[in-house]
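Listed below are the residues making up each chain.
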Amino acid sequence: MHVAADDLGRLGTDDRYRLRVLATARRLSRYDTISHWSAAALWGLPAVDGWPDEIHSTVPAGSGLCPNRTLRRHRTCTPEAETLHVAGLPVTSLARTVIDVAGTASFSAAVAVADAALFSVGRGDHDGLSLLSFRSALSGALDELGRAPGSARARRVIDFADERANRPGESLSRVTMHLIGAPPPELQFRVIGASGRIWHTDFGWPEFGAAAEFDGRAKYSDPQFLRSRTPADVVYDEKVREDDIRPSVRTFGRWDWSTARSPKRMASALQRLGVPVGRD
């Protein structure tokens, strides 16, 4: 696979890693199935801690195949129940991919992957999958792990995952709130604005009259969020929205990636909103 240097330079980190995964096609054996973070990239799932240096695949334990400079091969004694093809490559199913990441990655990175997968299923991005069937597939993949290393970590991630978190920054915020002992927020919190219009904020604590938003850079640059608007249009629209919401809540806040990643900053942000922090 050849990509011009100019074209490569215009690619973001997600697309660059995806391209590297696709470039391994000719080096795969008939036993290799793209898995873990490499499968996550092909499924369009996020990597909040960055992509790995290597390409991941899973092979049967008895295949005799070993890792090499191109592939980090994971051995499994459990036959892959469902191998799909994405972009022409054999890839672990969406559920198995989520479980593999959940059992090996940090809690925050794994929750971002699980949340994103659930959100995409709930949005209807995957034909034949509903939230109910996908949750069942996740449970089945967990059962296949049994007591294998990483199984307890994976179960903790799946128990915590929530399809209402539609951006990685929201997922990371949820994890940090959990770690500092803050009360769980209501996601996609429904607020009736001063105008009578119904809004949904990323987080809400109705018992404290508080609402908050994760406000990452993508909101002002990603075409998915711009929807043909200019960044200036988005800033104005957000101001109008916030002005309508504020009279309906006691406090309203925003934060970015730096707060979402920092327990200290998150604690300060929540305390300013009147949301208590710390476990009993």
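Whatever comes next refers back to the structure up there.
Let me sum up the structure you'll find in this document. (Residues numbered from 1 in each chain as written. Predicted model: local features only at pLDDT ≥ 70, side-chain atom pairs only at ≥ 80, totals over all residues. Heavy atoms only, no water.)

**Points about the environment of L65**
Turning to its location among the elements, L65 is positioned in the loop between β2 (55-60) and β3 (71-76). In this structure the C-alpha to C-alpha distance between L65 and S29, which are 36 residues apart in sequence, comes to 8.7 Å. Ignoring sequence-local partners within four residues, the contact set of L65 consists of S29, Y31, D32, V59, R73 and R75. (Helix = DSSP H or I, 4+ residues; strand = E, 2+ residues; numbered from the N terminus. Contact = heavy atoms within 4.5 Å.)

**So, the sheet that holds strand β8 (residues 210-214)**
Strand order in this open sheet of 4 strands is β6-β7-β8-β9, and the pairing throughout is mixed. Whereas interior strands pair on both sides, the edge strands pair on one side only; in this sheet they are β6 (186-192) and β9 (251-255). Across the sheet, the mean angle separating the axes of adjacent strands is 50° when strand polarity is ignored. Here 6 bridges tie β6 to strand β7 (residues 198-205), and the two strands are oriented antiparallel to one another. In the sheet register, R190 faces β7, and the bridge partner there is H200. Here helix α8 (residues 168-179) sits on the sheet and contacts β6, β7, β8 and β9; the angle it forms with β7, its principal contact strand, is near 35°. Packing of helix α12 (residues 263-273) onto the sheet brings it into contact with β7, β8 and β9, and relative to β9 it is tilted by some 160°. (Pairing = 2+ DSSP bridges. Axes fitted to C-alpha atoms, helices over the stretch in contact; angles between N-to-C directions.)

**A few points about helix α5 (residues 107-122)**
The terminal C-alpha atoms of α5 lie 22 Å apart, and with 16 residues this matches the ideal 22 Å at 1.5 Å per residue to within 8%. The element α5 is extensively covered by neighbouring structure, given that 13 of its 16 residues are classed as buried. Once α5 finishes, G124 follows within two positions and takes phi at roughly 90°, a positive value. (Expected span 1.5 Å × (residues − 1). Buried < 20%, exposed > 50% of the residue type's maximum accessible area, 1.4 Å probe, protein only.)

**Things to note about the nonpolar core**
In terms of nonpolar packing, the biggest core is built from 46 residues, with I34, W37, V98 and F134 touching the most fellow members. Counting only elements with at least two residues in this core, the list comes to α2 (13-22), α3 (36-42), β5 (89-92), α4 (94-102), α5, α6 (131-145) and α7 (151-160). For this core, the element with the highest residue contribution is α5, accounting for 10 residues. Once residues within four sequence positions are removed from consideration, F134 is found in contact with L94, A95, V98, A117, L118, V121 and L129. Counting 19 residues, the second-largest nonpolar core is a separate cluster that includes M177, I180, A182 and V275. (Core = buried A, V, L, I, M, F, W, Y, C linked by side-chain atoms within 4.5 Å.)

**With respect to the pairing of β9**
In terms of burial, β9 is largely enclosed, as 4 of its 5 residues are buried. Examined bridge by bridge, β8 and β9 share 5 bridges and lie parallel to one another. Bridged to A211 within β9 is F252.

**Points about the environment of V175**
Within the fold, V175 resides in helix α8. We classify V175 as buried; its relative accessible area is 2%.

**Brief notes about the pattern of salt bridges**
The tally for this structure, following the rule as stated, stands at 18 salt bridges. Between D162 and R164 there is a salt bridge, and its shortest N-O distance comes to 2.8 Å. By relative accessible area, D162 is classed as buried at 13%. Bridged by salt links that share partners, the residues E213, D215, E238, R241, E242, R246 and R254 form one connected network. (Salt bridge = Lys/Arg side-chain N within 4 Å of Asp/Glu carboxyl O.)

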